[in-house]
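If you want the building blocks of each chain, they are given just below.
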Amino acid sequence: MAVIGVLTEPTPPTWWQANRHKVYGVSGLLLGYLISSHAHSGPDQQPHPRPGHTTPAPTTPSTHHTPTTH
C-alpha cells in the first residue's frame, strides 16, 4: 500500500479571525447608539397654539344661575 499524502489539521484561526464579527457588531451598535443619542432630528417641535375664545370670559361673577331640575 502506498502513502498518497499526509493529512494534517489546519492551524487554528487567530483570535482576530475567530472574533472579528463580534468586534464589528459591538462597535457598530456602540457607534449607532452614540450617533442617535447626540443627533437632533430637526428643529424642536413647538406645541400647536390653541384656538382663542370667541367671547371673553366675564371678569365679575354673574348672579344669573341656570335652573336645575331634581
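Notes on the structure follow.

1. Details of the overall build of the protein chain
Looking only at helices and strands, the protein chain features 1 helix and 0 strands. For the protein chain, buried positions account for 1% of its 70 residues. In the structure as shown, the protein chain presents an accessible area of about 8000 Å², 63% of it carried by carbon and sulfur atoms.

2. A closer look at the packing of aromatic side chains
Within this structure, the stated rule accounts for 1 aromatic pair. When the ring of Trp16 is compared with that of Tyr24, the centres are 5.6 Å apart and the planes differ by 80°; the resulting orientation is edge-to-face.

3. Things to note about a nonpolar patch on the surface
Residues Trp15, Trp16 and Tyr24 make up a contiguous nonpolar surface patch of about 420 Å² in total accessible area. Turning to its location among the elements, Trp16 is positioned in helix α1 (residues 15-38). In this structure Trp16 comes out as partly exposed when scored by relative accessible area, which is 38%.

4. Description of the environment of Ser37
Structurally, Ser37 is set in helix α1. Reaching out from Ser37, the side chain makes a polar contact with the backbone oxygen of Leu34 at a distance of 3.2 Å.

Cut-offs applied
- Residues numbered from 1 in each chain as written.
- Predicted model: local features only at pLDDT ≥ 70, side-chain atom pairs only at ≥ 80, totals over all residues.
- Heavy atoms only, no water.
- Helix = DSSP H or I, 4+ residues; strand = E, 2+ residues; numbered from the N terminus.
- Buried < 20%, exposed > 50% of the residue type's maximum accessible area, 1.4 Å probe, protein only.
- Areas by Shrake-Rupley, 256 points an atom, 1.4 Å probe, with all protein chains shown as cover.
- Phe/Tyr/Trp six-rings, centres within 6.5 Å; stacked < 30°, edge-to-face > 60°.
- Patch = residues over 30% accessible without salt bridge, like charges linked within 9 Å, V, L, I, M, F, W, Y side chains within 5 Å.
- Salt bridge = Lys/Arg side-chain N within 4 Å of Asp/Glu carboxyl O.
- Polar contact = N/O pair within 3.5 Å; in protein donor to acceptor, adjacent residues only side chain to side chain.

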